[in-house]
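Single-letter residue listing:
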Amino acid sequence: MSGFKQTAFAAAVLVLGAQAAHAQSLVKIDGSSTVFPVTEAVAEDFQSSKKGAVKVTVGISGTGGGFKKFCRGEIDIADASRPILKKEMEACSQAGIKYIELPVAFDALTVVANPKNAFIKQLSVEQLKKIWEPGAQGTIKSWKQVDPSFPDAPLKLFGAGSDSGTFDYFTEAIVGKAKASRGDYTASEDDNVLVQGVSRDVNAIGYFGYAYYAENQGKLKAVPIVNKEGKPVEPGAATVLDGSYNPLSRPIFIYVAEKSLEKAEVRDFVTYYLKNASKLATEVKYVPLPAKAYEIALDHVNKKKLGTVFGGEAEVGVTIEALLAREAKL
C-alpha cells in the first residue's frame, strides 16, 4: 500500500470510528448507592428500548460524590438520597450549572441486625442516638450500655460513608444534626459492603436503603423503629405510605443538568425515567410516588423549572404532598 493510500485508509478508519462513537450517544450518571437500584433498572430498560443506540453509565460514588462531579459538569444526572445542600448549590452556581430537581420514589431507610440476634426486638430513636452520636465514640462499646436488658456483647457498627446522602439523612433524623456521628464504625458508600458486614456478625447493626435489605432478607433482619407515636414499626411500602414509619422515610431524587437536557438522549432518558419510575421503583422494593407526582415532575422538565424546593437545608419527615406544593429556586 502506498503512503497516500495508507493515509487515506487511516483517515477513513478515523471517520468510521468517529461515526461509530457518534452513533452510540452517552448519558452519564453518578451518585447515591440508594438511588442506584432504581436508576440502574431504568437505564437497562431504556438502553434495550433504544436497541444499543444510547449507552447509560451509572456510578455509585455516594450522593456527595455525585454532586461534586455534577457541579463540575462531569455528569448529566446526579442520583441523590437527600436534597442538594447549600455548599453544593454554590459550587454548581460558580460553575454555571443549573439543574432540575426530580423526586423519583420514597425509601424506608432501614436499620438492620444479624438474623441470629435474639435480643433486638425493636429500637427507639433515643437508643439509636445513644449508639451513633459523636459522644458515643470510644465510650458506648457494649449493647448493655444501650439498654440494661441487652447482653454485655460488643457493639459492631456498619453505616454509610460521609459522602453518602443516607449518612446525612440518618444523622439528621437520629442525632438531630446532619453529619454528626461517631467515627469508629465500618463505613462505606457501597451498601453491599455493609450487608456483608452485618450478615457475618451476630452483634452487628447497620443502616442503608430498603432495597438492599429487601434483596438480602435471608441474611438480615429489619429492626422495627419506635415512631413518634410510640409504636414499633417495620419498614415497608405500606408503613411509608401511611406515614407510620417515621422518622426514617424519605424521598429520593435525580438532578438533571439544564445543559444536558439539550441533548436528545438525556431528555429521552429523563422522560422514560419519569414515565416508568413507578413500575421500576416497585420492582426494586422502593415506594413509588403518586401518578400525579410523576406528571408534575415531567411538567417541570418540559417547563425547565430550575432549582430545589429545599433551599439547601437538610429536612426530615417531608411528605410528597408538601414537596409538590413548593416552588423550586436556584
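Residues numbered from 1 in each chain as written. Predicted model: local features only at pLDDT ≥ 70, side-chain atom pairs only at ≥ 80, totals over all residues. Heavy atoms only, no water.

## Points about the overall build of the chain
Secondary structure summary: the chain contains 13 helices and 13 strands in total. What you see for the chain is a C-alpha radius of gyration of 22 Å, in line with the 20 Å of a compact globule of 330 residues. Along the longest, intermediate and shortest principal axes, the C-alpha atoms of the chain span 85 × 50 × 35 Å. The buried share among the 330 residues of the chain stands at 52%. Looking at the chain alone, contacts between residues at least 24 apart form 73% of all its contacts between residues at least 6 apart. Approximately 14700 Å² of the chain is accessible, and the part contributed by carbon and sulfur atoms is 54%. Considering the chain, the positive charge centre built from 40 side chains and the negative charge centre built from 38 side chains are found 2 Å apart. (Helix = DSSP H or I, 4+ residues; strand = E, 2+ residues; numbered from the N terminus. Rg over C-alpha atoms; globule rule 2.2 N^0.38 Å. Buried < 20%, exposed > 50% of the residue type's maximum accessible area, 1.4 Å probe, protein only. Contact = heavy atoms within 4.5 Å. Areas by Shrake-Rupley, 256 points an atom, 1.4 Å probe, with all protein chains shown as cover. Lys, Arg positive; Asp, Glu negative; His and termini not counted. Charge placed at Lys NZ, Arg CZ, Asp CG, Glu CD.)

## Points about the state of the cysteines
In total, this model carries one disulfide according to the counting rule given. Each sulfur of the disulfide joining Cys-71 and Cys-92 lies 2.0 Å from the other. On the sign convention where negative is left-handed, the bridge of Cys-71 and Cys-92, at about -75° about the S-S bond, is left-handed. Residue Cys-71 is found in helix H3 (residues 62–71), and its partner Cys-92 is found in helix H4 (residues 86–94); the two are separated by 21 residues along the sequence. For Cys-92, a relative accessible area of 0% gives the class buried. (Disulfide = S-S within 2.5 Å.)

## Focus on the nonpolar core
Grouped together as the largest cluster of nonpolar side chains are 89 residues, with contacts concentrated most on Val-111, Trp-143 and Phe-269. Per element, the largest residue contribution to this core is eight residues, and it comes from helix H11 (residues 264–283). Contacts of Phe-269, omitting those with residues within four sequence positions, involve Val-27, Ile-29, Thr-39, Val-42, Ala-43, Phe-46, Val-56 and Ile-77. In this structure, Phe-70, Ala-257, Val-309 and Leu-323 belong to the second largest nonpolar core, which totals 18 residues. (Core = buried A, V, L, I, M, F, W, Y, C linked by side-chain atoms within 4.5 Å.)

## Some thoughts on the pairing of strand E3 (residues 77–80)
Of the two faces of E3, both are covered, the one formed by Ile-77 and Asp-79 as well as the one formed by Ala-78 and Ala-80. In this structure, E3 lies alongside strand E13 (residues 249–257), joined through four bridges in antiparallel fashion. Along E13, the bridge assignment pairs Ile-77 with Val-256. (Pairing = 2+ DSSP bridges.)

## So, the sheet that holds strand E10 (residues 221–222)
Ordered by their spatial adjacency, five strands build an open sheet running E8-E7-E9-E5-E10, and the pairing between neighbours is mixed. Either end of the sheet is taken by a strand with one partner, and the two such strands are strand E8 (186–188) and E10. Inspection of the sheet shows strand E7 (residues 156–160) paired to strand E9 (residues 204–208) by three bridges, in the parallel sense. Within the sheet, the bridge partner assigned to Phe-158 lies in E9 and is Gly-206. Contacts from helix H7 (residues 165–174) reach strand E5 (110–113), E7 and E9 within the one sheet, and its direction differs from that of E9 by about 110°. Contacts from helix H8 (residues 191–199) reach E5, E7, E8 and E9, with the element oriented near 155° to E9. (Axes fitted to C-alpha atoms, helices over the stretch in contact; angles between N-to-C directions.)

## Here we look at the pairing of E13
Within a regular beta strand, the side chains point alternately toward one face of the sheet and then the other, so they alternate between its two faces. For E13, a buried count of nine out of nine residues is recorded, marking the element as mostly surrounded by other parts of the structure. Burial along E13 is two-sided: the residues Ser-249, Pro-251, Phe-253, Tyr-255 and Ala-257 and Arg-250, Ile-252, Ile-254 and Val-256 are all buried. The pairing of strand E4 (residues 99–108) with E13 spans nine bridges and is antiparallel. By the bridge assignment for E13, Ile-100 is matched with Val-256.

## Quick word on the packing of H3 against H4
For any two helices packed against each other, one specifies the inter-axial angle together with the distance between the axes. Packing of H3 against H4 brings their axes to within 9 Å, and their N-to-C directions diverge by 20°. Classified by the angle between their axes, H3 and H4 sit roughly parallel to one another. Note that H3 runs across H4; the crossing there is right-handed. Listed contacts from H4 to Gly-64, Phe-67, Phe-70 and Cys-71 of H3 are Glu-88, Ala-91 and Cys-92. (Parallel < 35°, antiparallel > 145°, perpendicular 65-115°, else oblique. Left-handed = near helix turned anticlockwise from the far one by under 90°.)

## Comments concerning the sheet that holds strand E11 (residues 225–226)
Across the sheet, which stays open at both edges, the three strands sit in the order E6-E11-E12 with mixed pairing between neighbours. The open sheet has two edge strands, strand E6 (123–124) and strand E12 (232–233), and neither has a second partner.

## Some details on the packing of aromatic side chains
The full count for this structure, using the stated rule, is 17 aromatic pairs. Ring centres 6.1 Å apart and planes at 50° place the aromatic pair Phe-253 and Tyr-255 in the tilted group. Taken as a pair, Phe-253 and Tyr-255 share a single burial class, namely buried. Between Phe-269 and Tyr-273, the aromatic rings sit 5.8 Å apart at their centres with planes inclined by 90°, giving edge-to-face as the arrangement. Of this pair, Phe-269 and Tyr-273 both sit in helix H11, four residues apart, which is roughly one turn of that helix. (Phe/Tyr/Trp six-rings, centres within 6.5 Å; stacked < 30°, edge-to-face > 60°.)

## Structural notes on the pattern of salt bridges
A complete count under the given rule lists 13 salt bridges for this structure. A salt bridge links Lys-50 to Asp-268, with the shortest nitrogen-to-oxygen separation between them at 3.2 Å. Highlighted residues: Lys-50 in the loop between helix H2 (36–49) and strand E2 (54–58) and Asp-268 in helix H11, separated in sequence by 218 residues. Judged by relative accessible area, which is 30%, Lys-50 ranks as partly exposed. The salt bridge involving Glu-74 is made with Arg-72; its shortest N-O contact spans 2.7 Å. Residue Glu-74 is classed as partly exposed on the basis of its relative accessible area, which comes to 37%. Look at the salt bridges and you will find they share partners, linking Arg-82, Glu-88, Asp-168 and Lys-179 into a network. (Salt bridge = Lys/Arg side-chain N within 4 Å of Asp/Glu carboxyl O.)

Remember that the coordinates give geometry; whether it matters functionally is a separate question.
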